[in-house]
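# Tertiary structure, described
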Amino acid sequence: MLDLKADLHKILLSRNKEWSEQMHRDNPELFTELAKHQNPFFLWIGCSDSRVPPNQITGTMPGDMFIHRNIANMVMHTDMNMLSVVDYGVNALGIDHLIVCGHYGCGGVKAAMGPEFGGAASYWVRGIRDVARIHNNELTAIADEQARFDRLVELNVAEQVYDLSRTAVLRDAWTKGRKIQVHGWVYSLGDGLIKDLGVTRNKYESEVGAVDVD
Ligand code: CO
């Protein structure tokens with residue numbers, strides 16, 4: 001008899017067995033192909049939130065998407081984990097479609113709207129507080145708190161798209177003529193739909209106020 005509390009993980013192993021059998025029935029070639037190589041067309045940077053599983057919400061399969069997730073889908077230039085995923089995805093796997101996908105109701109963004117707190121997560125959401133500071137005028141003009149929260153989720157995605165476009169990996173790839181697109185999307189927990197924010201970047205642009213060091 002299964003002790004639900006102690007043996008919860010066993011449910012996953014048993015579901016995995018069922019899933020594997022189903023996949024073998026539906027697509028006998030899939031595992032043979034995936035065991036040889038991966039050739040994903042998309043690189044996804046999304047939130048760790050359990051309600052935003054990238055493959056499920058986009059109807060994609062194993063092998064379709066190279067994925068990096070963290071709290072509030074951040075692109076931090078000191079994050080070797082994220083940078084390694086982007087480097088490998090762009091340069092080794094040849095991915096041309098990069099997607100930063102946030103979601104409404106994001107706990108990380110919500111935390112950044114509240115008072116400062118301790119612990120590692122407070123350093124992490126520091127980056128979102130900076131986004132709020134950059135867009136302070138627009139955000140403070142929104143009286144409704146929910147609307148302001150939703151807008152900060154969108155602005156945070158747009159800023160992470162921008163930061164991703166500033167990485168040396170993308171600058172070098174664009175300079176070499178790669179046709180890479182970086183998209184910014186927001187997923188709605190309420191209806192399961194993704195909104196394209198229209199903040200796509202597809203070329204290297206000089207930064208405003210940049211000093212030419214060449
Ligand atoms: Co989130």
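Residues numbered from 1 in each chain as written. Predicted model: local features only at pLDDT ≥ 70, side-chain atom pairs only at ≥ 80, totals over all residues. Heavy atoms only, no water.

This part takes up the overall build of the chain. Counting its regular elements, the chain contains nine helices and five strands. Each helix and strand of the chain, ordered N terminal to C terminal, gives the series α-α-β-α-β-α-β-α-α-α-α-α-β-β. For the chain, the C-alpha atoms occupy an extent of roughly 60 × 45 × 30 Å along the three principal directions. Within the chain, the fraction of its 214 residues that count as buried is 36%. Taking as baseline every contact in the chain between residues at least 6 positions apart, the subset at least 24 positions apart corresponds to 62%. (Helix = DSSP H or I, 4+ residues; strand = E, 2+ residues; numbered from the N terminus. Buried < 20%, exposed > 50% of the residue type's maximum accessible area, 1.4 Å probe, protein only. Contact = heavy atoms within 4.5 Å.)

This part takes up the packing of helix 4 (residues 80–92) against helix 9 (residues 168–175). Direction vectors running N to C along helix 4 and helix 9 enclose 15 degrees, while the axes themselves pass 9 Å from each other. Here helix 4 lies roughly parallel to helix 9, going by the angle between them. Crossing of helix 4 over helix 9 shows left-handed handedness. Contacts between helix 4 and helix 9 pair Val 86, Asp 87, Val 90 and Asn 91 from the former with Val 169, Leu 170 and Ala 173 from the latter. Looking at the contact of helix 4 with helix 9, its residues break down into five nonpolar, one polar and one charged. (Axes fitted to C-alpha atoms, helices over the stretch in contact; angles between N-to-C directions. Parallel < 35°, antiparallel > 145°, perpendicular 65-115°, else oblique. Left-handed = near helix turned anticlockwise from the far one by under 90°. Nonpolar A, V, L, I, M, F, W, Y, C, P; charged D, E, K, R; others polar.)

Let us look at the packing of helix 6 (residues 120–134) against helix 8 (residues 145–165). Where helix 6 meets helix 8, the closest approach of the two axes is 10 Å, and the angle between their N-to-C directions is 105 degrees. It follows from the interaxial angle that helix 6 and helix 8 lie roughly perpendicular. Contact residues: Ile 128, Val 131, Ala 132 and Ile 134 in helix 6; Leu 152, Leu 155, Asn 156, Glu 159 and Gln 160 in helix 8. Residues of the contact of helix 6 with helix 8, tallied by class, amount to six nonpolar, two polar and one charged.

Using the criterion set out here, one finds 14 salt bridges in the structure. Of the charged contacts, one joins Lys 110 and Glu 145 as a salt bridge, the two residues approaching to 3.7 Å between their closest N and O atoms. Placement of Lys 110 in helix 5 (residues 107–113) and of Glu 145 in helix 8 is noted, with a sequence separation of 35 residues between them. Classification of Lys 110 as partly exposed rests on a relative accessible area of 40%. Close ionic contact of Glu 138 with Arg 151 constitutes a salt bridge, the shortest N to O distance being 2.4 Å. Remark: Arg 151 occurs in helix 8 and Glu 138 occurs in helix 7 (residues 136–140); sequence separation between them is 13 residues. The exposure class of Arg 151 is partly exposed, given its relative accessible area of 27%. (Salt bridge = Lys/Arg side-chain N within 4 Å of Asp/Glu carboxyl O.)

Mapped onto the fold, Gly 107 is located in helix 5. Taking the relative accessible area as the measure of exposure, Gly 107 reaches 46% and is therefore partly exposed. Separated by 73 residues in the primary sequence, Gly 107 and Ile 180 place their C-alpha atoms 30 Å from one another.

Further remarks concern the domain arrangement of the chain. Many analyses report the size of an interface as the accessible area lost when the parts associate. One can read the domain layout of the chain as domain 1 (1–37) and domain 2 (38–196). Computed from C-alpha atoms alone, the centre-to-centre distance between domain 1 and domain 2 is 29 Å. Taken residue by residue, the interface counts five residues in domain 1 and five residues in domain 2. Counting the surface lost from both domain 1 and domain 2, the interface buries some 380 Å², and carbon and sulfur atoms represent 76% of this. (Domains from an automatic or database assignment. Buried area = accessible area lost by both parts, 1.4 Å probe.)

So, about the nonpolar core. Ranked by internal contacts, the top residues of the largest apolar core, which has 40 residues, are Leu 98 and Leu 164. Elements represented by at least two residues in this core include exactly strand 1 (42–47), helix 4, strand 3 (97–103), helix 5, helix 6, helix 8, helix 9 and strand 4 (181–187). Looking at this core element by element, the count peaks at seven residues for helix 8. With sequence-adjacent residues up to four places away left out, Leu 98 is seen in contact with Leu 43, Val 86, Val 90, Leu 164, Leu 170, Ile 180, Gln 181, Val 182 and His 183. One finds Val 52, Met 65, Trp 185 and Tyr 187 within the second-largest nonpolar core, a separate group that totals seven residues. (Core = buried A, V, L, I, M, F, W, Y, C linked by side-chain atoms within 4.5 Å.)

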